[in-house]
Amino acid sequence: MASTDVDRPEEEEAAADAGEEEDTGAHVSPIVRLEEVAVTTGEEDEDSLLDLRAKLYRFDKVGNQWKERGSGNVKLLKHKETGKVRLVMRQAKTLKICANHLVVPSIKMQEHAGSDKSCVWHAMDFSDGELKEEMFAIRFGSVENCKKFREMVEEIAESVDKIEENESKDVSSAASLIEKLTVSENKTEGNTTKEAAHAEDEKKEVHEEKQANTKESYTAS
């Protein structure tokens, strides 16, 4: 009897486990169904030329001091159609944009406070939703990354400068050609007018001569 009483709980537990493992075939639908949402970053039409981890600072003119904008990845993105390159940086945790501006010839990179891991530059920035001039400082974890960033920005700025210079020459050449064509057309119109006037005079003279001959004929008869 004692052994039977001791074994009974084990048999009950085994039966309970078997019941738990038994598949009832019931399906429970989720209370809330979440749909997939396409997330866009605004970078879909751009190719990444550079992507480095760094910490960004902005100079506060009012307080006359540097203020941290955030840590994250700074990118140089080239548009697939226009070919324009912009610098974009987002804060790592919030993904908030802390720098967003085009790389143009006016950007000049300078070493910051004697540190070979950081550099400073001015730019017309749009990260706050309005275009305004900002002075940025960026610090990298290594000298190599800072050098890579600085050299690429300078290379792009120089390339843009050459493109704009060539475009300016093309515009000047086109304007000069249009001016020459206009002068040529004016001369042609002038010559055509003179020829038409001369022809009209000759026609008039012939007509007057005919009238004179006719009058002489009547007089003679």
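Note: the structure precedes this text.
Residues numbered from 1 in each chain as written. Predicted model: local features only at pLDDT ≥ 70, side-chain atom pairs only at ≥ 80, totals over all residues. Heavy atoms only, no water.

Draft legend 1. Layout of the layout of surface pockets. In this structure, the largest pocket occupies an estimated 350 Å³ of space. Gly-83, Lys-84, Val-85, Val-160 and Ile-163 are, among the 16 residues lining the largest pocket, the residues nearest its centre. In terms of residues, the lining of the largest pocket owes the most to one element, helix 2 (residues 143–220), which gives seven residues. Split into classes, the residues belonging to the lining of the largest pocket amount to eight nonpolar, three polar and five charged. Roughly 300 Å³ of volume is contained in the second largest pocket. (1 Å grid on protein atoms, 1.4 Å probe; cavity = no way out; pocket = protein on both sides within 12 Å on 5 of 7 lines; lining within 4 Å. Points joined across faces, edges and corners; volume = space filled by probe spheres on them. Helix = DSSP H or I, 4+ residues; strand = E, 2+ residues; numbered from the N terminus. Nonpolar A, V, L, I, M, F, W, Y, C, P; charged D, E, K, R; others polar.)

Draft legend 2. Region of interest: a negative patch on the surface. Residues Glu-200, Asp-201, Glu-202 and Glu-205 make up a contiguous surface patch of negative charge. Along the chain, Asp-201 falls in helix 2. (Patch = residues over 30% accessible without salt bridge, like charges linked within 9 Å, V, L, I, M, F, W, Y side chains within 5 Å. Areas by Shrake-Rupley, 256 points an atom, 1.4 Å probe, with all protein chains shown as cover. Salt bridge = Lys/Arg side-chain N within 4 Å of Asp/Glu carboxyl O. Lys, Arg positive; Asp, Glu negative; His and termini not counted. Charge placed at Lys NZ, Arg CZ, Asp CG, Glu CD.)

Draft legend 3. Quick look at the sheet that holds strand 7 (residues 132–140). Sheet architecture is open: seven strands sit in the order 4-3-2-1-7-6-5, paired in antiparallel fashion. Strand pairing shows two members of the sheet lacking a second neighbour, strand 4 (97–102) and strand 5 (110–112), which therefore form its edges. Strand after strand, the sheet turns through a mean of 35° between neighbouring axes, direction not considered. Pairing of strand 5 with strand 6 (residues 115–125) involves three bridges; the strand directions are antiparallel. Looking at strand 6, one finds that Gln-110 is bridged to Val-120. (Pairing = 2+ DSSP bridges. Axes fitted to C-alpha atoms, helices over the stretch in contact; angles between N-to-C directions.)

Draft legend 4. Local environment of a nonpolar patch on the surface. Among the surface-exposed residues, Ile-31, Val-32 and Leu-34 lie close enough to one another that they form a single nonpolar patch of about 430 Å² accessible area. With respect to the helices, strands and loops of the structure, Val-32 is situated in the loop between helix 1 (2–21) and strand 1 (46–60). Exposure remark for Val-32: the relative accessible area of 60% places this residue in the exposed category. (Buried < 20%, exposed > 50% of the residue type's maximum accessible area, 1.4 Å probe, protein only.)

Draft legend 5. Layout of the packing of aromatic side chains. Scanning the entire structure with this criterion turns up four aromatic pairs. A centroid spacing of 5.3 Å and a plane angle of 70° characterise the contact between Phe-59 and Trp-66, whose relative ring orientation is edge-to-face. The class of Trp-66 is partly exposed, set by a relative accessible area of 29%. Between Trp-121 and Phe-149, the ring centres sit 5.8 Å apart and the planes meet at 55°, which makes this aromatic pair tilted. Here Trp-121 is found in strand 6, whereas its partner Phe-149 is found in helix 2, with 28 residues between them in sequence. Like Phe-149, Trp-121 is buried. (Phe/Tyr/Trp six-rings, centres within 6.5 Å; stacked < 30°, edge-to-face > 60°.)

Draft legend 6. Region of interest: the environment of Ile-107. With respect to the helices, strands and loops of the structure, Ile-107 is situated in the loop between strand 4 and strand 5. Note: C-alpha distance between Ile-107 and Val-120 (13 residues apart in sequence) is 9.9 Å. Discounting chain neighbours no more than four positions away, the residues touching Ile-107 are His-101, Leu-102, Trp-121, His-122, Ala-123, Val-153 and Ala-157. (Contact = heavy atoms within 4.5 Å.)

Draft legend 7. Representation of the nonpolar core in the model. Counting 26 residues, the largest nonpolar core has Val-74, Trp-121, Ile-138 and Phe-149 as its most contacted members. Mapped by element, the contributors of at least two residues to this core are strand 1, strand 2 (65–79), strand 3 (85–91), strand 4, strand 6, strand 7 and helix 2. It is helix 2 that provides the largest number of residues to this core, a total of six residues. Sequence-distant contacts of Trp-121, defined by excluding residues within four places in its chain, comprise Leu-56, Leu-87, His-101, Ile-107, Lys-108, Met-109, Glu-134, Met-135, Phe-136, Ala-137, Ile-138 and Phe-149. (Core = buried A, V, L, I, M, F, W, Y, C linked by side-chain atoms within 4.5 Å.)

Draft legend 8. Region of the structure containing the environment of Lys-67. The residue Lys-67 is located in strand 2 in this model. For Lys-67, a relative accessible area of 39% puts it in the partly exposed group. Along the backbone, Lys-67 and Leu-56 are 11 residues apart, and their C-alpha atoms lie at a distance of 8.7 Å. Contacts of Lys-67, omitting those with residues within four sequence positions, involve Leu-56, Tyr-57, Arg-58 and Asp-60.

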